[in-house]
Amino acid sequence: EADIYQTPRYLVIGTGKKITLECSQTMGHDKMYWYQQDPGMELHLIHYSYGVNSTEKGDLSSESTVSRIRTEHFPLTLESARPSHTSQYLCASSDLRDVLSGQYFGPGTRLTVT
Amino acid sequence: QQPVQSPQAVILREGEDAVINCSSSKALYSVHWYRQKHGEAPVFLMILLKGGEQKGHEKISASFNEKKQQSSLYLTASQLSYSGTYFCGTVGSFTDKLIFGTGTRLQVFP
């Protein structure tokens, strides 16, 4: 079944630690995205990718980095976590070839930095 | 730059109708609509393109006024399952980034 996965679902980590949030999709979508969302608030685009070896920054400035070595995989890395990084991180994908394609979201990773 | 939604919150009884509006200050290429239930990821509902093309669910309809840069989502004969926060997302004519709106919280009671 075509789907989009994120791991871990919940992460509590201390300040200064390096973390990687994983995102994988089995739909063969070229375009992938990372959003940050605080509880009850709107989604902010932090990174996106058109395909392998393509990464772009979104509208919300973020200290995180992303990579796209394989079509299905789009991990997000924080080199040194801080309490201000506490938030929910949502990964999404869409079909670049279909102008009527919406974005399909993973379940999210809820990150808490202590 | 972020689209503004109105109203911020709506409370309905089952069977009632609601309209959610989304307004942008930029020229738009497309408008997306998503619903997010508490603790879950957003779910794609509908997309409307400049020029009239659209794709979405059978029970949900929407309009897109290209000249006014506005879109409205129409929820008719609401069901309990319609509860959640509705977000519009807009793609400008000169960019391909989807910018999400401020959100509208909808609650449907029996």
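Residues numbered from 1 in each chain as written. Chains lettered and ligands numbered in written order. Predicted model: local features only at pLDDT ≥ 70, side-chain atom pairs only at ≥ 80, totals over all residues. Heavy atoms only, no water.

**Notes on the packing of aromatic side chains**
Piece 1. One pass over the full model with this rule turns up ten aromatic pairs over all chains.
Piece 2. Arranged with centres 5.7 Å apart and planes meeting at 75°, the rings of A:Tyr48 and A:Tyr50 form a pair that is edge-to-face.
Piece 3. Under the relative-accessibility criterion, A:Tyr50 is labelled partly exposed at 27%.
Piece 4. In textbook terms, an aromatic cluster arises when at least three aromatic residues are bridged by ring pairs, as seen for A:Tyr33, A:Tyr35, A:Tyr104, A:Phe105, B:Tyr34, B:Phe44, B:Phe87 and B:Phe100.
Piece 5. Above the face of the A:Phe74 ring, A:Arg68 is positioned so that its terminal group lies 5.8 Å from the ring centre. (Phe/Tyr/Trp six-rings, centres within 6.5 Å; stacked < 30°, edge-to-face > 60°. Buried < 20%, exposed > 50% of the residue type's maximum accessible area, 1.4 Å probe, protein only. Lys NZ or Arg CZ within 6 Å of the ring centre and 35° of its normal.)

**Regarding the interface of chain B and chain A**
Piece 1. Opposite the 22 residues of chain B that make contact, chain A presents 25 residues.
Piece 2. Across the chain B to chain A interface the summed buried area is about 1800 Å²; carbon plus sulfur atoms make up 54%.
Piece 3. Looking only at chain B, the three residues that lose the most surface to chain A are B:Asp96, B:Lys97 and B:Phe100, adding up to 26% of its buried area.
Piece 4. At the boundary of chain B and chain A, one finds one salt bridge.
Piece 5. Our count for the chain B to chain A interface comes out at four residue pairs in polar contact (both at pLDDT 80 or more). (Contact = heavy atoms within 4.5 Å. Buried area = accessible area lost by both parts, 1.4 Å probe. Salt bridge = Lys/Arg side-chain N within 4 Å of Asp/Glu carboxyl O. Polar contact = N/O pair within 3.5 Å; in protein donor to acceptor, adjacent residues only side chain to side chain.)

**What to know about the state of the cysteines**
Chemically, a disulfide is nothing more than a covalent bond linking the sulfur atoms of two cysteines.
Piece 1. As enumerated under the stated definition, the model contains two disulfides over all chains in all.
Piece 2. Between the sulfur atoms of A:Cys23 and its disulfide partner A:Cys91 the distance amounts to 1.9 Å. For the disulfide bridge between A:Cys23 and A:Cys91, the dihedral angle about the S-S bond is near -75°, and by the sign convention the bridge is left-handed. You can see A:Cys23 sitting in strand 3 (residues 19-25) and its partner A:Cys91 sitting in strand 9 (residues 87-94), a full 68 residues away along the chain.
Piece 3. On the basis of relative accessible area, A:Cys23 is assigned to the buried category, the value being 0%.
Piece 4. Take A:Cys91: its relative accessible area is 0%, and that puts it in the buried class.
Piece 5. The disulfide partner of B:Cys22 is B:Cys88, and the gap between their sulfur atoms is 2.1 Å. Every disulfide takes its handedness from the sign of the S-S torsion; for B:Cys22 and B:Cys88 that torsion is 65°, giving right-handed. With B:Cys22 in strand 3 (residues 18-23) and B:Cys88 in strand 9 (residues 84-92), this residue pair connects regions lying 66 residues apart in the sequence.
Piece 6. We classify B:Cys22 as buried; its relative accessible area is 2%. (Disulfide = S-S within 2.5 Å. Helix = DSSP H or I, 4+ residues; strand = E, 2+ residues; numbered from the N terminus.)

**Let's talk about the sheet that holds strand 7 (residues 60-65) of chain B**
Residue and element names in this part refer to chain B.
Piece 1. Taken in spatial order, the four strands of this open sheet run 1-3-8-7, and their pairing is antiparallel. The open sheet terminates on both sides in strands that have one partner only, identified here as strand 1 (4-6) and strand 7. With strand direction ignored, the average angle separating the axes of adjacent strands in the sheet is 15°.
Piece 2. Where strand 7 and strand 8 (residues 70-75) come together, six bridges link them in antiparallel fashion. Across the sheet, residue Ser63 finds its bridge partner in strand 8, namely Ser72. (Pairing = 2+ DSSP bridges. Axes fitted to C-alpha atoms, helices over the stretch in contact; angles between N-to-C directions.)

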